[in-house]
Amino acid sequence: MDSVFSSLTESPVTSGDFTLEKSAAKLKKPLKSSGTFVFCDEGVIWKTLKPFPSTMAVTKTSLIQIKSDGTKTVTDASSNEVFKSVAQTLSSIFSGKRESLEECFNVTSFDADSSSWTMKLIPKDRTIAAALNLIELGGNIKTKKASLDSIKIFQSQTDITTYSLINQQYRQELTDGEKALFK
């Protein structure tokens, strides 16, 4: 687990393409979207391209949403335990702070071989557990370099959000445009 964390944090910025699929008991068919992502110590940027363009930047304390017309909304989420927990999880993974991750979650399993890895996280806090049951992370290992390729968030047995991450690129810093999204 430490070697996967270490590998994921070798580059301060990871970017690529994502597809999201949300399935729920109340939905006739899954909701799907796709776009680009950026993971860094400042947070996460999800730039949705389909079905509707929008951008969302998630920091440790806020949610910044930008609609296709440029309208920007900043929501203070510093008092929302679920939001903080998910933001802290992603930040912990990409900053290599395993102890920070383990403050909020029990790592119920971690499996790795020479080509792939998976991790299951169950929230410790009851407030968080009421909103999500499990986070499942997985990725590949190629020439000793690990990648995060999937994030599954189980809100319940039937409500599942799955992010598939592809075309990862590793960089040393954010672009000026990406930096501006976190402000």
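Residues numbered from 1 in each chain as written. Predicted model: local features only at pLDDT ≥ 70, side-chain atom pairs only at ≥ 80, totals over all residues. Heavy atoms only, no water.

Enquirer: Where do I start with the overall build of the protein chain in this structure?
Expert: For the protein chain, the count of helices and strands is five helices and twelve strands. The C-alpha radius of gyration of the protein chain comes to 16 Å, within 12% of the 16 Å expected for a compact globule of 183 residues. If you line up the protein chain on its principal axes, its C-alpha atoms span 45 × 40 × 30 Å. Taking all 183 residues of the protein chain together, the buried fraction comes to 41%. The contacts in the protein chain between residues at least 6 apart in sequence include a share of 44% that link residues at least 24 apart. As displayed, the protein chain has an accessible area near 10,100 Å², and 52% of this comes from carbon and sulfur atoms. (Helix = DSSP H or I, 4+ residues; strand = E, 2+ residues; numbered from the N terminus. Rg over C-alpha atoms; globule rule 2.2 N^0.38 Å. Buried < 20%, exposed > 50% of the residue type's maximum accessible area, 1.4 Å probe, protein only. Contact = heavy atoms within 4.5 Å. Areas by Shrake-Rupley, 256 points an atom, 1.4 Å probe, with all protein chains shown as cover.)

Enquirer: What should I look at first to understand the state of the cysteines in this one?
Expert: Among covalent bonds in proteins, the disulfide is the one between the sulfur atoms of two cysteines. The tally for this structure, following the rule as stated, stands at zero disulfides. Its sulfur unpaired, Cys40 is 19 Å from the next cysteine sulfur, which belongs to Cys104. (Disulfide = S-S within 2.5 Å.)

Enquirer: Sorry, what's going on with the environment of Lys97 here?
Expert: Mapped onto the secondary structure, Lys97 falls in the loop between α2 (81–95) and α3 (98–104). Sequence spacing of Lys97 and Asp2 is 95 residues, and the spatial spacing of their C-alpha atoms is 9.8 Å.

Enquirer: Got a minute to help me understand the packing of aromatic side chains in this structure?
Expert: How two aromatic rings sit relative to each other is given by the distance of their centres and the angle of their planes. For the structure on display, the rule yields seven aromatic pairs. Aromatic side chains Phe37 and Trp46 sit 6.2 Å apart centroid to centroid with 45° between the ring planes, which places their arrangement in the tilted category. By the burial criterion, Phe37 is buried, and Trp46 matches it. Judged by centre distance (5.8 Å) and plane angle (90°), the rings of Phe39 and Trp46 are edge-to-face. In this structure Phe39 comes out as buried when scored by relative accessible area, which is 1%. Members of the aromatic cluster, each reached through a chain of ring pairs, are Phe18, Phe37, Phe39, Trp46 and Tyr163. (Phe/Tyr/Trp six-rings, centres within 6.5 Å; stacked < 30°, edge-to-face > 60°.)

Enquirer: Where do I start with the pattern of salt bridges in this structure?
Expert: Side chains carrying opposite charge are able to pair once their charged atoms draw close together. Under the counting rule described, the total for this entry stands at four salt bridges. Between Lys32 and Glu21 there is a salt bridge; the shortest N-O distance is 3.8 Å. Pair noted here: Lys32 is in strand β2 (residues 31–40) and Glu21 is in strand β1 (residues 13–23), with a separation of eleven residues, a long-range link. With a relative accessible area of 34%, Glu21 lands in the partly exposed category. Residues Lys120 and Glu136 are paired through a salt bridge, measuring 3.9 Å at the closest nitrogen-oxygen approach. Here Glu136 lies in strand β9 (residues 134–142) and Lys120 lies in strand β8 (residues 116–123), a separation of 16 residues in the sequence. (Salt bridge = Lys/Arg side-chain N within 4 Å of Asp/Glu carboxyl O.)

Enquirer: Before we go on, may I ask you to explain unusual backbone geometry in this structure?
Expert: Following Lys50, the chain continues into Pro51 via a peptide bond in cis, with omega recorded as 5°. Its identity is not glycine, yet Asn167 carries a phi of approximately 55°, on the positive side. Along the polypeptide, Asn167 turns up in strand β12 (residues 160–171).

Enquirer: Help me understand the environment of Ser92, please; the structure alone is not making it clear to me.
Expert: Its location among the elements puts Ser92 in helix α2. Assessed through its relative accessible area of 2%, Ser92 is described here as buried. Counting along the chain gives 37 residues from Ser92 to Thr55, while the straight-line C-alpha distance between them is 22 Å. Filtering out sequence-adjacent residues up to four positions away, Ser92 remains in contact with Phe5, Lys97, Ser100 and Leu101.

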